[in-house]
Amino acid sequence: MKKLQSITAFLLFLAFLSPTLALAQAPAASSDVIERIKKEGMENSQIMKTLHILTDLYGPRLTGSPNLKAAGEWAMSQMKSWGFDRVEMEPWEWGHPGWANERAAGFITSPVKDSLIFEVLAWTPGTPGPVSAEAFQMVIPARPTQSELDEYLSSIKSQVQGKIVLFGEPAQIKVDFSPPPKRIPDDQIARRFDPDSPAPAQPPFPIGPQVQQTPKPDSLPPSKINEIISKFLIDNGVKVRINDAAREHGQIRAFSNPTYDPAKTVPTVVMRNEDFGRIVRLLKDNRKVQLEFDIKNQIYPEGATAYNTIGEIAGSDKADEVIMLGGHLDSWHAATGATDNAIGCAVMMEAARILKAIGVRPRRTIRVALWSGEEQGLLGSQAYVKKHFGTAEEPLPAYYKFGGYFNIDSGTGRARGFQVFGPPEAAAPLREAARPFADFGVAGAITTVSRGLGGSDHTSFNAAGLPGIGVQQDPIEYFTHTWHTNLDTYERIVEDDVKKSAIEIAAAVYRLAMQDELLPRFPPDKMPKPPASRN
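Residues numbered from 1 in each chain as written. Predicted model: local features only at pLDDT ≥ 70, side-chain atom pairs only at ≥ 80, totals over all residues. Heavy atoms only, no water.

Q: What is the right way to read the overall build of the protein chain from this model?
A: When you go through the protein chain residue by residue, the secondary structure sums to 14 helices and 16 strands. Compactness check: the protein chain gives a C-alpha radius of gyration of 27 Å against a globular reference of 24 Å for 535 residues, within 12% of the reference. Expressed along its principal axes, the backbone C-alpha trace of the protein chain runs to roughly 110 × 45 × 45 Å. Split into buried and exposed, the 535 residues of the protein chain put 52% on the buried side. For the protein chain, the share of sequence-separated contacts (at least 6 apart) that also reach a separation of at least 24 residues comes to 85%. Both charge centroids of the protein chain, one from 58 positive and one from 62 negative side chains, sit 2 Å from each other. (Helix = DSSP H or I, 4+ residues; strand = E, 2+ residues; numbered from the N terminus. Rg over C-alpha atoms; globule rule 2.2 N^0.38 Å. Buried < 20%, exposed > 50% of the residue type's maximum accessible area, 1.4 Å probe, protein only. Contact = heavy atoms within 4.5 Å. Lys, Arg positive; Asp, Glu negative; His and termini not counted. Charge placed at Lys NZ, Arg CZ, Asp CG, Glu CD.)

Q: I would appreciate a short explanation of the sheet that holds strand E7 (residues 240-244) in the present structure.
A: Read across the open sheet, the eight strands follow the order E3-E2-E9-E5-E6-E7-E8-E4; overall the sheet is mixed. Every interior strand has two partners, whereas the edge strands, strand E3 (114-115) and strand E4 (118-120), have only one. Here strand E2 (residues 98-110) pairs with strand E9 (residues 290-300) via eleven bridges, running antiparallel. Counted as the bridge partner of Phe-107 is Glu-292 from E9. Where helix H7 (residues 222-235) meets the sheet, its contacts fall on strand E5 (131-138), strand E6 (164-167) and E7, and the angle it forms with E7 comes to roughly 145 degrees. (Pairing = 2+ DSSP bridges. Axes fitted to C-alpha atoms, helices over the stretch in contact; angles between N-to-C directions.)

Q: What am I meant to see in the nonpolar core here?
A: Counting 67 residues, the largest nonpolar core has Ile-37, Leu-51, Leu-325, Val-347, Phe-406, Phe-418 and Ile-505 as the members making the most contacts within it. When sequence neighbours within four positions are dropped, the list of residues in contact with Ile-37 reads Ile-354, Leu-355, Ile-358, Ile-503, Ala-506 and Ala-507. In this structure, Trp-94, Trp-99, Val-269 and Trp-332 belong to the second largest nonpolar core, which totals 31 residues. (Core = buried A, V, L, I, M, F, W, Y, C linked by side-chain atoms within 4.5 Å.)

Q: Hey, could you run me through the confidence of the model for the protein chain in this one?
A: Interpretation of this model should avoid reading the predicted coordinates in detail wherever pLDDT is low. On average, residues of the protein chain score 93 in pLDDT, and 93% of them reach the 70 mark or higher. A low-confidence stretch, residues 1-27 (pLDDT under 50), is modelled with eleven contacts involving residues beyond four sequence positions or located in other chains. (pLDDT = per-residue confidence, 0-100.)

Q: For this particular structure, what's the right way to read the packing of aromatic side chains?
A: Given two aromatic rings, one states the distance between the centres and the angle between the planes to describe the pair. Going through the model one piece at a time under the given rule, you end up with 22 aromatic pairs. Pairing Trp-123 with Tyr-260 gives two aromatic rings, centres 4.8 Å apart and planes at 80 degrees, and the pair type is edge-to-face. Placement of Trp-123 in the loop between E4 and E5 and of Tyr-260 in the loop between E7 and strand E8 (268-271) is noted, with a sequence separation of 137 residues between them. We classify Trp-123 as buried; its relative accessible area is 0%. Accessibility expressed as a relative area gives 15% for Tyr-260, which makes it buried. (Phe/Tyr/Trp six-rings, centres within 6.5 Å; stacked < 30°, edge-to-face > 60°.)

Q: What's the story with the environment of Lys-113 in this structure? I'm lost.
A: You can see Lys-113 is positioned in the loop between E2 and E3. The exposed category is assigned to Lys-113, whose relative accessible area is 71%. Between the alpha carbons of Lys-113 and Ser-372 there is a distance of 41 Å; along the sequence they are 259 residues apart. At a separation of 3.3 Å, a polar atom in the side chain of Lys-113 contacts the main-chain carbonyl oxygen of Thr-109. (Polar contact = N/O pair within 3.5 Å; in protein donor to acceptor, adjacent residues only side chain to side chain.)

Q: Looking at this structure, how should I read the environment of Tyr-58?
A: Inspection of the secondary structure assignment puts Tyr-58 in the loop between helix H3 (47-57) and helix H4 (66-81). In this structure the C-alpha to C-alpha distance between Tyr-58 and Trp-74, which are 16 residues apart in sequence, comes to 9.3 Å.

Q: What should I look at first to understand helix H10 (residues 379-388) in this one?
A: Side chains three or four residues apart in an α-helix point the same way, a direct result of the helix having 3.6 residues per turn. Gly-380, Ser-381, Tyr-384 and Val-385 are the residues of H10 that are buried. Burial along H10 is one-sided: seen end-on, the buried residues are contained in an arc of 130 degrees. In H10, the exposed residues that point more than 90 degrees away from the buried face are Lys-386 and Lys-387. Against the buried residues of H10 lie strand E1 (86-93), strand E10 (305-313), strand E11 (318-328), strand E12 (364-371) and helix H12 (458-463). (Arc of directions from axis to C-beta.)

Q: What should I look at first to understand the packing of H3 against H4 in this one?
A: Angle between the axes and distance between the axes: these two values describe a pair of packed helices. Packing of H3 against H4 brings their axes to within 10 Å, and their N-to-C directions diverge by 155 degrees. Our classification of the angle between H3 and H4 gives roughly antiparallel. You can see that H3 and H4 cross each other, and the crossing is right-handed. Contact with H3, carried on its side by Lys-49, Thr-50, Ile-53 and Leu-54, involves Ala-71, Trp-74 and Gln-78 of H4 and no other residues of that element. Taken together, the residues of the contact of H3 with H4 break down into four nonpolar, two polar and one charged. (Parallel < 35°, antiparallel > 145°, perpendicular 65-115°, else oblique. Left-handed = near helix turned anticlockwise from the far one by under 90°. Nonpolar A, V, L, I, M, F, W, Y, C, P; charged D, E, K, R; others polar.)

Q: Where do I start with helix H5 (residues 146-160) in this structure?
A: Its 15 residues place the ends of H5 20 Å apart at the C-alpha level, agreeing with the 21 Å of an ideal helix rising 1.5 Å per residue. Taken as a whole, H5 has its buried residues at Leu-149, Tyr-152, Leu-153, Ile-156 and Val-160. The elements touched by buried residues of H5 are E5, E6 and H7. Downstream of H5 by one or two residues, Gly-162 has phi in the positive range, about 75 degrees. (Expected span 1.5 Å × (residues − 1).)

Q: Honestly, the pattern of salt bridges in this entry has me stumped. Any pointers?
A: Two side chains with opposite charge may pair up if their charged atoms get near one another. Applying the stated rule across the entire model yields 33 salt bridges. Of the charged contacts in the structure, one is a salt bridge between Arg-416 and Asp-186, with a shortest N-O distance of 3.0 Å. Of this pair, Arg-416 sits in strand E14 (residues 415-421) while Asp-186 is found in helix H6 (residues 186-192), placing the two residues 230 residues apart along the sequence. Here Arg-364 makes a salt bridge to Glu-321, at a shortest N to O gap of 2.6 Å. With a gap of 43 residues between them, Arg-364 in strand E12 and Glu-321 in strand E11 connect regions that are remote in the sequence. Each of the two residues, Arg-364 as well as Glu-321, counts as buried. By sharing partners, the salt bridges in this structure join Arg-183, Asp-186, Arg-414, Arg-416, Asp-474 and Asp-497 into a single network. (Salt bridge = Lys/Arg side-chain N within 4 Å of Asp/Glu carboxyl O.)

Q: How should I be thinking about the pairing of strand E13 (residues 402-407) in this particular structure?
A: Note on strand geometry: in a regular strand, side chains alternate between the two faces of the sheet. Counted residue by residue, E13 has six buried out of six residues, so it is predominantly covered. The sheet contact formed by E13 and strand E16 (residues 468-473) spans three bridges and is parallel. Bridging across to E16, Asn-407 finds its partner in Gly-470.

Q: Would you explain the side chain of Arg-61 in this entry?
A: The residue Arg-61 is located in the loop between H3 and H4 in this model. Comment: no salt bridge for buried Arg-61; closest opposite-charge side chain is Asp-488, at 6.7 Å. At 2.9 Å, the side chain of Arg-61 forms a polar contact with the backbone oxygen of Leu-54. Ignoring anything within four residues of it in the chain, the contact list for Arg-61 reads Leu-54, Thr-55, Asn-67, Leu-68, Ala-71, Leu-329, Asp-330, Ser-331, Thr-336, Gly-337, Asn-341 and Ala-342.

Structure follows, in structure tokens:
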């Protein structure tokens, strides 16, 4: 009887202890959890609704703009409604006002009448109502010295006064008879993520032969040329500057005035190559071309304070350790920022929502971050890493509690593999997390030793010596059509791909949130050095 009581007590003890043991061992997610993640992600997905709101209601989302702030506030409230334990908008200062284009119209009125297709350059002024003027083409010498540029500007000064200026020659865009594939071939992605001998990453678009320029002593840097040209146009009362978009099929990429000060430039637009070329050809016929523009822009001084949007699912026995996932919420303004990068934000929000919905309890805290300032140089994520984690050289306490940051930022294509900053063994847990998704085309995981900053927000973590995890995706039409262009809209989303990406990320995040140890890192004496500052 005593022996039976002892056995019973021991079995009760094991029954009490077994959940703790299961958590502590926490191998790769069980097949049951994987199936629940898949079922929730495919049958109850919220991702297309999230993308609709971020693009159709709040796009575009330029850093510092009211749209971006409103998008962050909506995302915060949405994550709260899904049951996240903590949400906030965390401010950081970038020191420039917000800007938005409210409306813009342009026309050729003589010798023909037609509408013109263009986008306004950000952080440039609007026009004082409709303005009309004769067109003039301005073509500066190639890589000019100061004296060459001065001589050219002096020669055209009387001709540009009060005009609308087309800057440069129209680009000659050749027909692409061999467009890149929309999917990465399986054999290529397998070689890329071969843990024993990973193949170098292939460029996302064909790279043509590089033309070697003959050194030209005393030539001005492009930034100085632009500064001189802008002042010249202001001083001579130019009404509008027109830049060529230099892309095929009406694609336009419009970025920003590099000074972020509208007082330092004239109203400026980026016109589709087809319209720019048409006007130039008419001018070369010695025809007078009359143009009309009406541009209204708005400046928001309060936009100098930007925000990163944060949402958390609290951990349990390792709650002070954090697994992060995110994407940048800001976009350029030529379209509604669907593939760059509402998709990254929606995928990561959805991945965390799936884990919350199926009722798993992560050991580590799961934190979603939606960044601002990425398009201006990864500024929001850099500010966050500096504030919360520090660097390998100057770590803050949370540096040692960080378990990895997943980043999506290459369009609508499904996730095909992971690349993590760290020693070779850091890829093993991610490889295990990817294994159940071979039928989705996920190839595995590899590592990088680069602390170089650039590309997207995971490199803000890599630069600090932390495990940033970049996600390789199928290109679909990202680099050929939608990246930073006026075509980057909701219509370009591949629903099945974004759903599968969210499922894959959810499983990988769960794996890292449950395992016993954080991802392996380089010891201090083996930590790769950051690249030398270019300043």
